Amino acid sequence: MLRKNERKLTAAEVKCLPDGTPVRVYGRDRRGYTTELLCDVVTEGRTKRLRYFDMSAMAVKRMPIHQLDGAVHFYTVEDYENA
């Protein structure tokens, strides 16, 4: 569920964000419940990725930024101009 001060982003827009910007990734788990993952943008070499802390493995992990379907799975960022 989107918060008041959040807006959806495409993968191309996420790749243009500066390093350290917090991004939320929304989706569904295998049972259909909504999931929310708090990440931040990092640059690794020539590519940008999303870094997050995995509680089950107790480790920092990275995932690629790729195009999501936009209806169920999407990226959001806080929108301070419209807050």
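Residues numbered from 1 in each chain as written. Predicted model: local features only at pLDDT ≥ 70, side-chain atom pairs only at ≥ 80, totals over all residues. Heavy atoms only, no water.

Caption draft 1: Quick peek at a nonpolar patch on the surface. There is a patch of nonpolar side chains on the surface, built from Phe53, Met55, Met58 and Val60 and spanning about 440 Å² of accessible area. Here Val60 is to be found in strand 5 (residues 59-64). On the accessibility criterion, Val60 (48% relative accessible area) is partly exposed. (Patch = residues over 30% accessible without salt bridge, like charges linked within 9 Å, V, L, I, M, F, W, Y side chains within 5 Å. Areas by Shrake-Rupley, 256 points an atom, 1.4 Å probe, with all protein chains shown as cover. Salt bridge = Lys/Arg side-chain N within 4 Å of Asp/Glu carboxyl O. Helix = DSSP H or I, 4+ residues; strand = E, 2+ residues; numbered from the N terminus. Buried < 20%, exposed > 50% of the residue type's maximum accessible area, 1.4 Å probe, protein only.)

Caption draft 2: Region of interest: the packing of aromatic side chains. Applying the stated rule across the entire model yields one aromatic pair. Considering the side-chain rings of Tyr26 and Phe74, the 5.1 Å spacing of their centres and the 25° angle between planes classify their relative orientation as stacked. Of the two residues, Tyr26 is situated in strand 2 (residues 22-28) and Phe74 in strand 6 (residues 74-78); the sequence distance between them amounts to 48 residues. When sorted by exposure, Tyr26 lands in the same class as Phe74, which is buried. Geometry around Phe74 places Lys8 over its ring, the cationic atom sitting 4.4 Å from the centre. (Phe/Tyr/Trp six-rings, centres within 6.5 Å; stacked < 30°, edge-to-face > 60°. Lys NZ or Arg CZ within 6 Å of the ring centre and 35° of its normal.)

Caption draft 3: Main features of the pattern of salt bridges. Scanning the model with the defined rule gives seven salt bridges in all. The salt bridge involving Lys48 is made with Asp19; its shortest N-O contact spans 3.7 Å. Of this pair, Lys48 sits in strand 4 (residues 47-54) while Asp19 sits in the loop between helix 1 (11-15) and strand 2, placing them 29 residues apart in sequence. Classification of Lys48 as partly exposed rests on a relative accessible area of 24%. By relative accessible area, which is 47% here, Asp19 ends up partly exposed. Among the salt bridges present, the one from Glu44 reaches Arg62, with a minimum N-O distance of 2.5 Å. Linking Glu44 in strand 3 (residues 34-44) with Arg62 in strand 5, this pair joins segments that are 18 residues apart in sequence.

Caption draft 4: Geometry of the sheet that holds strand 3. The strand order across the open sheet formed by six strands is 1-6-2-3-4-5, and the pairing between neighbours is antiparallel. What marks the edges here is a single partner per strand, and that holds for strand 1 (6-9) and strand 5. Pairs of neighbouring strands in the sheet enclose a mean axial angle of 40°, with direction left out of account. Sheet analysis places strand 1 next to strand 6, joined by four bridges and oriented antiparallel. Residue pairing for strand 6: Lys8 is matched across the bridge by Thr76. (Pairing = 2+ DSSP bridges. Axes fitted to C-alpha atoms, helices over the stretch in contact; angles between N-to-C directions.)

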